[in-house]
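Examination of the molecular architecture
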Amino acid sequence: MRIYLELVEVLPPDSTEEPDFIRVDVTDWSKEDVDNAIQLLREHAKQYQAYILQIHYCNHDSGGTCSFEVIQ
């Protein structure tokens, strides 16, 4: 299983832009390093009107499905 932090910009429905998307592989990181990365992503997200910050538990390598946990 791979673990990712993901920051996804949420755009208004009428927007023609593509939303920003940041994914960081934190699979082998310590809890402290993950917490620091979350703080950095939150700081970066201040430029967006709306966003989703989530943990993505990816099981594709083992033939499974993914699950997500919203951090915000």
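To keep things clear, this report deals only with the structure shown in the data block. (Residues numbered from 1 in each chain as written. Predicted model: local features only at pLDDT ≥ 70, side-chain atom pairs only at ≥ 80, totals over all residues. Heavy atoms only, no water.)

**Focus: the state of the cysteines**
- Summed over the entire model, instances satisfying the criterion amount to zero disulfides.
- The thiol of Cys 58 is unpaired, and the distance to the nearest cysteine sulfur, on Cys 66, comes to 3.7 Å.
- On the accessibility criterion, Cys 58 (9% relative accessible area) is buried. (Disulfide = S-S within 2.5 Å. Buried < 20%, exposed > 50% of the residue type's maximum accessible area, 1.4 Å probe, protein only.)

**Regarding the packing of aromatic side chains**
- The full count for this structure, using the stated rule, is zero aromatic pairs.
- Lying over the aromatic face of Tyr 4, Arg 23 brings its terminal NZ or CZ to 4.8 Å of the ring centre. (Phe/Tyr/Trp six-rings, centres within 6.5 Å; stacked < 30°, edge-to-face > 60°. Lys NZ or Arg CZ within 6 Å of the ring centre and 35° of its normal.)

**Describing the sheet that holds strand S2 (residues 21-25)**
- Sheet architecture is open: four strands sit in the order S2-S1-S3-S4, paired in antiparallel fashion. With partners counted over all chains shown, the strands left at the sheet margins are S2 and strand S4 (67-70), one partner each. Averaged over all adjacent pairs, the angle separating strand axes in this sheet is 25 degrees, with direction ignored.
- The pairing of strand S1 (residues 2-9) with S2 spans five bridges and is antiparallel. The residue of S2 that forms the bridge with Val 8 is Phe 21. (Pairing = 2+ DSSP bridges. Helix = DSSP H or I, 4+ residues; strand = E, 2+ residues; numbered from the N terminus. Axes fitted to C-alpha atoms, helices over the stretch in contact; angles between N-to-C directions.)

**Section: the pattern of salt bridges**
- Considering all chains together, one arrives at four salt bridges under this definition.
- Linking Arg 23 and Glu 6 is a salt bridge whose minimum nitrogen-to-oxygen distance equals 2.7 Å. Residue Arg 23 is found in strand S2, and its partner Glu 6 is found in strand S1; the two are separated by 17 residues along the sequence.
- Note on Glu 6: relative accessible area 2%, which makes it buried.
- A salt bridge links Lys 46 to Glu 43, with the nearest nitrogen and oxygen atoms 3.0 Å apart.
- By relative accessible area, Lys 46 is classed as exposed at 62%. (Salt bridge = Lys/Arg side-chain N within 4 Å of Asp/Glu carboxyl O.)

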